[in-house]
Amino acid sequence: MDKRGGFSGGWELVFLMLVVGGVFVSVPVFLGRLGMSWDSLNHQVYLGWQAQASRFDEDYMAASLQSYQYPYLYWPLYALTALGVSGRVAGVVLALLHLVVIPPVWLIARTLIPGAGWRQTVFRVSGVLMSFMSILVLKSFEVPGNDLLAAAPLLFALAIALPACSKFLDGARRTSLRSAGYAGFWAGVSVAFKLSNAYSAIFLPVLFLMAANDSPLRERVRCSIACYVLMLIGFVGAYGYWGYRLFQEFGSPLFPFWGG
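*Asks:* When you look at the side chain of Gln-50 in this model, what are you seeing that I'm missing?
*Replies:* Locating Gln-50 in the fold gives a position in helix H2 (residues 38–52). Non-local contacts of Gln-50, meaning those with residues more than four positions away in its chain, are made with Arg-55, Phe-56, Ser-67 and Trp-242.

*Asks:* Mind showing me how you'd approach H2 here?
*Replies:* Along an α-helix, residues three or four apart share an orientation, since each turn contains 3.6 residues. Over its 15 residues, H2 runs 20 Å from end to end, which matches the ideal 21 Å to within 8%, given 1.5 Å per residue. Residue Tyr-46 marks the point of greatest curvature in H2, where the axis turns by about 30 degrees. By the burial criterion, the buried members of H2 are Ser-40, His-43, Gln-44, Val-45, Tyr-46, Leu-47, Gly-48 and Gln-50. On its buried face, H2 is in contact with strand S1 (62–65), helix H3 (75–83) and helix H12 (217–250).

*Asks:* Could you clarify how one ought to interpret helix H6 (residues 118–132) in this entry?
*Replies:* Compared with an ideal rise of 1.5 Å per residue, which puts 15 residues at 21 Å, H6 spans 21 Å between its outermost C-alpha atoms and is within 8% of the ideal. Buried within H6 are the following residues: Thr-121, Arg-124, Val-125, Val-128 and Phe-132. Each buried residue of H6 sits inside an arc of 95 degrees when the element is viewed along its axis, so together they form one side. Residues Arg-119 and Met-130 are exposed on H6 and point more than 90 degrees away from its buried face.

*Asks:* Teacher, can you tell me more about the packing of H3 against helix H4 (residues 87–97) here?
*Replies:* Working note: a packed helix pair is described by the angle between its axes plus the distance between those axes. Orientation of H3 relative to H4, taken along the N-to-C sense of each, is 160 degrees, at an axis distance of 10 Å. What the angle tells us is that H3 and H4 run roughly antiparallel. The handedness of the crossing between H3 and H4 comes out as right-handed. Across the interface between the two elements, Pro-76, Leu-77 and Leu-80 from H3 touch Ala-90, Val-93, Leu-94 and Leu-97 from H4. For the contact of H3 with H4, the residue count by class is seven nonpolar, no polar and no charged.

*Asks:* Teacher, can you tell me more about the packing of helix H5 (residues 102–112) against H6 here?
*Replies:* Running from N to C, H5 and H6 point in directions that differ by 135 degrees, and their axes come no closer than 9 Å. As summarised for this structure, H5 and H6 are arranged oblique, according to the angle between their axes. Two packed elements cross with a definite hand, and for H5 against H6 that hand is right-handed. Residue-level contacts link Ile-102, Val-105, Trp-106, Ala-109 and Arg-110 of H5 to Arg-124, Val-128, Ser-131 and Phe-132 of H6. For the contact of H5 with H6, the residue count by class is six nonpolar, one polar and two charged.

*Asks:* Teacher, can you tell me more about the packing of aromatic side chains here?
*Replies:* Given two aromatic rings, their pairing is described by the distance between the two centres and the angle made by the two planes. Counted under the stated rule, the structure contains 13 aromatic pairs. With centroids separated by 6.1 Å and ring planes inclined at 85 degrees, the aromatic side chains of Tyr-72 and Trp-242 adopt a geometry described as edge-to-face. Note that Tyr-72 is positioned in the loop between S1 and H3 and Trp-242 in helix H12, a separation of 170 residues in sequence. Here Tyr-72 falls in the partly exposed class, since its relative accessible area comes to 28%. Between Phe-235 and Tyr-239 the ring centres are 5.1 Å apart and the planes differ by 10 degrees, which places this aromatic pair in the stacked class.

*Asks:* Please clarify how unusual backbone geometry should be interpreted in this entry.
*Replies:* If a residue is not glycine, its phi is most likely negative; likewise, a peptide bond is most likely trans. Of note, Met-61 is a non-glycine position whose phi angle comes to about 50 degrees, a positive value. Here the phi dihedral of Ser-64 falls at roughly 60 degrees; this positive angle occurs in a residue that is not glycine. Looking at the element boundaries, Ser-64 is found in strand S1.

Rules behind the numbers
Numbers given to residues run from 1 along each chain, matching the order in which its sequence is written. Side-chain atom pairs in this predicted model are given and counted only at pLDDT of 80 or more, local residue features only at pLDDT of at least 70, and totals for whole chains, interfaces and linings cover all residues. Excluded from the side-chain calculations are hydrogens and water; all other atoms, namely the structure's heavy atoms, are used. Each helix corresponds to a stretch of at least 4 residues labelled H or I by DSSP, and each strand to a stretch of at least 2 residues labelled E; elements are numbered beginning at the N terminus. In what follows, a contact means two residues having at least one pair of non-hydrogen atoms within 4.5 Å. Expected span of a helix, by definition, is 1.5 Å for each gap between consecutive residues, and there is one gap fewer than residues. For a residue, the bend is simply the angle between two axes, fitted respectively to the seven-residue segment ending there and the seven-residue segment starting there. Here the term buried applies to any residue with accessible area under 20% of the maximum for its type, exposed to any over 50%, and partly exposed to those in between, with areas from a 1.4 Å probe on protein chains only. This arc describes the spread of directions from the helix axis toward the C-beta atoms. Axis angles are defined between N-to-C directions and span 0 to 180 degrees, where every axis is a line fitted to C-alpha atoms and, for a helix, only to the segment in contact. Roughly parallel here means an angle under 35 degrees, roughly antiparallel means over 145, roughly perpendicular means 65 to 115, and every remaining angle is called oblique. Left-handed describes a crossing in which the near helix is turned anticlockwise from the far one by less than a right angle; the clockwise case is right-handed. Polar here means any residue other than Ala, Val, Leu, Ile, Met, Phe, Trp, Tyr, Cys and Pro, which are nonpolar, and Asp, Glu, Lys and Arg, which are charged; Gly is therefore polar. Between the rings of Phe, Tyr and Trp (Trp by its six-membered ring), a pair exists once the centres lie within 6.5 Å; its type follows the angle of the planes, with under 30 degrees stacked, over 60 edge-to-face, and the other angles tilted.

Purely geometric numbers; function is a separate question.
See below:
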C-alpha cells in the first residue's frame, strides 16, 4: 500500500496480472475445450510445424500464402498439439502466454494517469480492465491465435515512447534519444511477428516529433530518426532468418508468390 492511499506500483501490477490472467484462463476452463477449425489445423498448427522442421521440400502452399507467414509464434500451439494434451489444458497454457501483454498496457495507463492515490489507482486499473474485457479480446481465447502475442512488442514500444516524449527538457534529451531507439526496436520486432503491425508502428516516431513542442526541433527530429532506424534493425533482427529462408526458396523474403 502507498502512504497516500492506493496500491504501490508493483502491487497494482500484480493485482492486474492476477485478475486479468484469471479472466483469460477462465475462458478455456469454462468451455472445456479449444476450438480448432480448418484454419487452426492447416494454418496455425502447420506454421508451428514449419517452425520446428522445415516443410519447404515437402509441401506446396499447404494453407495458401498463409503457409509462409512468420511461423515461430505458432510453435507453442504445434508443441501442445504434438503432445496430445486436452483442449482445456492447451487453452490454459496459451492463455497464460498472453499475460505478457498486461504489463505494457499498465505502463501506458500509468503514464497517462500518474499518481499514487486511490483515485488514480481506480482509474488506471479500470482502464486496463476495460482494454482487455472487450468481446474481441475474450473471443480470442476460445480458439488458438497469437494476435495479442504479436502485439506485445508494439505495446511495449508505446509504453517506452510515451514517457520519453515528455522528457526532452531538464537535461533529459539523451534519455529520450535512448528511449526512442528502444521503442523503435520493439516496434520493429512486432512488425516481424505480424506484418500488418506496420500500419501502426510506422507512426510511432511521429510521437517524438509532436512531443514537448517547446523543445528544439532538432532534438525531436533526432529522436524520430533514431526510432525509425532502430525499427528497421529490430525488424531485420527478428525476421531476418525467416526472410532469408524464404529468399533461398523463392527469391523473395516476404510473400514468395506475390511477384507474378
